[in-house]
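# Observations on chain architecture
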Amino acid sequence: MKHTWAMAIDLDRCTGCGACVVACNAENNIPTIGETEAGKNRLMHWIRVNRYWEGEFPEAQAVYLPMPCMQCERAPCELVCPVYATYHNEDGLNAMVYNRCIGTRYCANNCPYSVRVFNWYDYKWEKPLDEQLSPDLTVRSRGVMEKCTFCIQRIRRAKETAAEEGREIRDGDVVPACAQTCPPGALLFGDLADPHSEITRKLKDPRRFRLMEHLGTEPRVVYLKRQKGAGR
């Protein structure tokens, strides 16, 4: 069965707590770079949470916008990679081959969402932090571009489990670390190819929109607008 993985992010539920960022770093072997490198704009996050202000003081309210890779159907990052290190995989996701990447950063320049990050160093995990590294994926070396994969290792594991049990993947079998950890349940992941899945139902919500739709990149990440009204 061909899958169409997608993510819905409900901005009405997001509190900007950053739990998704921490969970992503732990799941995907992403280093903590420290204050000095952060000051040089060398952040190592595969998902970030942007903060905006809506309204004027004293009625101003913070609006939070989680930003993973949009997994574009027509990904502009793929077109400029000279070594085909970034490509569409069998599920239509924008994947990376890290040992092919030569670090030109053309993909980052061509990404309108600025969700790709460059790995500047060979990072070390001091003991006992090295014991938390996931054996399901690599620790990337210096000089490559990194990005969100929708936790591709969890997708592969779910496929293997389903194959062993002789069944199709069920709705809810694949949950990326960010969605699993989100306390208010603002992030939802699923398969749009399943007409009965929760994500299919969610994306019929009239509040849905995609970032920079006018660019025609056709992102797989869909947002749900904040609802207006008393008490919000």
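Residues numbered from 1 in each chain as written. Predicted model: local features only at pLDDT ≥ 70, side-chain atom pairs only at ≥ 80, totals over all residues. Heavy atoms only, no water.

## Structural notes on unusual backbone geometry
As a reminder of what qualifies: By definition, any uninterrupted DSSP run of H or I lasting at least four residues is a helix, any uninterrupted run of E lasting at least two residues is a strand, and each is numbered from the N terminus. Using a 1.4 Å probe on the protein chains alone, a residue whose accessible area is under 20% of its type maximum counts as buried, one over 50% counts as exposed, and one in between counts as partly exposed.
A cis geometry characterises the amide bond from F57 onward to P58, with omega recorded as 5°. As for its placement among the helices and strands, P58 is situated in the loop between β2 (48–54) and β3 (61–67). Cis peptide bonds are those with omega within 30 degrees of zero, and the linkage from K127 to P128 qualifies with 5°. With respect to the element layout, P128 can be found in the loop between β6 (117–118) and β7 (145–146). The phi dihedral of M212 is positive, around 50°, even though this residue is not glycine. By relative accessible area, which is 36% here, M212 ends up partly exposed.

## A closer look at the nonpolar core
As a rule of thumb, nonpolar side chains are buried together in soluble globular proteins. Spelled out, the test is: Only buried Ala, Val, Leu, Ile, Met, Phe, Trp, Tyr and Cys residues count toward a nonpolar core, and they belong to the same one when joined by side-chain atoms within 4.5 Å. Residues are treated as being in contact if the distance between any of their heavy atoms lies within 4.5 Å.
In terms of nonpolar packing, the biggest core is built from 52 residues, with F150, L187 and Y223 touching the most fellow members. If you list the elements that add at least two residues to this core, you get β1 (5–10), α1 (19–27), β3, β6, α5 (152–164), α6 (177–181), β8 (187–191) and β10 (221–224). Once residues lying within four places of it in the same chain are set aside, the contact partners of Y223 are I9, L11, L65, P66, M67, P68, M70, R207, R208, F209 and L211. Within the second largest apolar cluster, five residues are counted, among which are A8, I199, L203 and V222.

## Regarding the pairing of β3
Under the convention used in this document: Whether two strands pair comes down to DSSP finding at least two bridges between them.
Within β3, five of the seven residues are buried, which leaves the element mostly enclosed by the surrounding structure. With seven bridges joining them, β2 and β3 adopt antiparallel strand pairing. Across the sheet, the residue bridging to Y52 is V63, located in β3. Counting the residues in the hairpin turn of β2 and β3 gives six residues, including G55, whose phi is positive at 90°.

## Here's the deal with the side chain of E146
Relative to the helices and strands, E146 resides in strand β7. Not counting chain neighbours up to four residues away, the residues in contact with E146 comprise M44, W46, Y98, V115, R116, V117, N119 and R140.

## A look at the environment of V144
Within the fold, V144 resides in the loop between β6 and β7. In this structure the C-alpha to C-alpha distance between V144 and Y98, which are 46 residues apart in sequence, comes to 6.6 Å. Residue contacts for V144: discarding those within four places in its chain leaves Y98, C101, V117, F118 and N119.

## Quick notes on the sheet that holds β10
With mixed pairing, the four strands of this open sheet are ordered in space as β8-β1-β10-β9. Both edges of this open sheet fall to β8 and β9 (208–209), since each of them pairs with a single strand only. Relative to β10, β9 is paired through two bridges, and the arrangement is antiparallel. Residue pairing for β10: R208 is matched across the bridge by L224.

## Details of α5
Cut-off, in case you're wondering: Each helix should span, by expectation, one fewer than its residue count multiplied by 1.5 Å.
In this model, α5 (13 residues) spans 18 Å end to end at C-alpha, consistent with the 18 Å of a helix rising 1.5 Å per residue. Along α5, the positions that sit buried rather than exposed are I152, Q153, R154, I155, A158 and A162. Close packing links the buried residues of α5 with β1, α1, α6 and β8.

## Some thoughts on the pattern of salt bridges
Spelled out, the test is: Salt-bridge detection follows one rule: a side-chain nitrogen of Lys or Arg within 4 Å of a carboxyl oxygen of Asp or Glu.
The final tally for this structure, using the stated rule, is 16 salt bridges. Close ionic contact of R167 with D173 constitutes a salt bridge, the shortest N to O distance being 3.0 Å. You can call R167 partly exposed: its relative accessible area is 23%. When salt bridges that share partners are traced, they join E165, R167, R170 and D173 into one network.

## Description of α1
Taken across its nine residues, α1 has seven buried, putting it largely inside the fold. Residues of α1 that are buried include every one of A19, C20, V21, A23, C24, N25 and E27, and no others. The elements touched by buried residues of α1 are β2, α5 and α6. Within two residues after α1, N29 carries a phi angle of roughly 55°, on the positive side.

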